[in-house]
Amino acid sequence: MSKLKNIAYDMAEETIDETIEKIIRNDLTYEQAVKELTENTVVMSFFNLNEIETIIAHELKKEVYYGGACEH
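Reference entry: report on the structure contained in this document. Within every chain, residues take consecutive numbers counted from 1 along the sequence as written. The predicted origin of the model limits local features to residues at a pLDDT of at least 70 and limits the giving and counting of side-chain atom pairs to 80 or more, whereas totals for whole chains, interfaces and linings rest on all residues. Hydrogens and water molecules were not included; the side-chain quantities draw on all heavy atoms of the structure.

1. Focus: the nonpolar core
Right, on to step 1. Definition used in this section: a nonpolar core is a set of buried Ala, Val, Leu, Ile, Met, Phe, Trp, Tyr and Cys residues joined via side-chain atoms within 4.5 Å. Only protein chains enter the area calculation, which uses a 1.4 Å probe; residues under 20% of their type maximum are buried, those over 50% are exposed, and those in between are partly exposed. Of all hydrophobic cores here, the largest spans 12 residues; its members are Ala12, Ile16, Ile20, Ile23, Leu28, Ala33, Val34, Leu37, Val43, Phe47, Ile52 and Ile56.
Right, on to step 2. Secondary structure elements are defined from DSSP: runs of H or I of at least 4 residues count as helices, runs of E of at least 2 residues count as strands, and each element is numbered from the N terminus. Contributing elements (two or more residues each) for this core: helix 1 (3-24), helix 2 (30-38) and helix 4 (49-66).
Right, on to step 3. Here this core gets 4 residues from one element, more than from any other, and that element is helix 1.
Right, on to step 4. Setting aside its immediate chain neighbours within four residues, Leu28 contacts Thr19, Lys22, Ile23, Ala33 and Glu36. Any two residues whose heavy atoms approach within 4.5 Å are treated as being in contact.

Encoded structure:
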């Protein structure tokens, strides 16, 4: 990947992580989070809906099993 594409990918991942944190803090529902992420053009440049839902589910599962001990 080019340097610019790497930066954009990192931004997309960071946006997903921040959105997952909002779910954990009860600032967003799951549905609101998915909608927010699918409306983000940077996120959608790298991830499709299925991938976004899978990432969220995996991170929330880690939160339940490890109580926030893992980095998102």
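The rest of the description comes next.
2. A closer look at helix 1
The α-helix winds at 3.6 residues per turn, so residues separated by three or four positions along the chain end up facing the same way.
Right, on to step 1. A helix is expected to span 1.5 Å for every residue after the first. Taking 1.5 Å per residue as the helical rise, helix 1 with its 22 residues ought to reach 32 Å, and the 32 Å between its terminal C-alpha atoms agrees with that figure.
Right, on to step 2. Taken as a whole, helix 1 has its buried residues at Ala12, Ile16, Thr19, Ile20 and Ile23. The buried residues of helix 1 occupy an angular sector of 105 degrees when the element is viewed end-on, so they sit on one face. In helix 1, the exposed residues that point more than 90 degrees away from the buried face are Lys3 and Leu4. The arc in question is traced by the directions running from the helix axis to the C-beta atoms.

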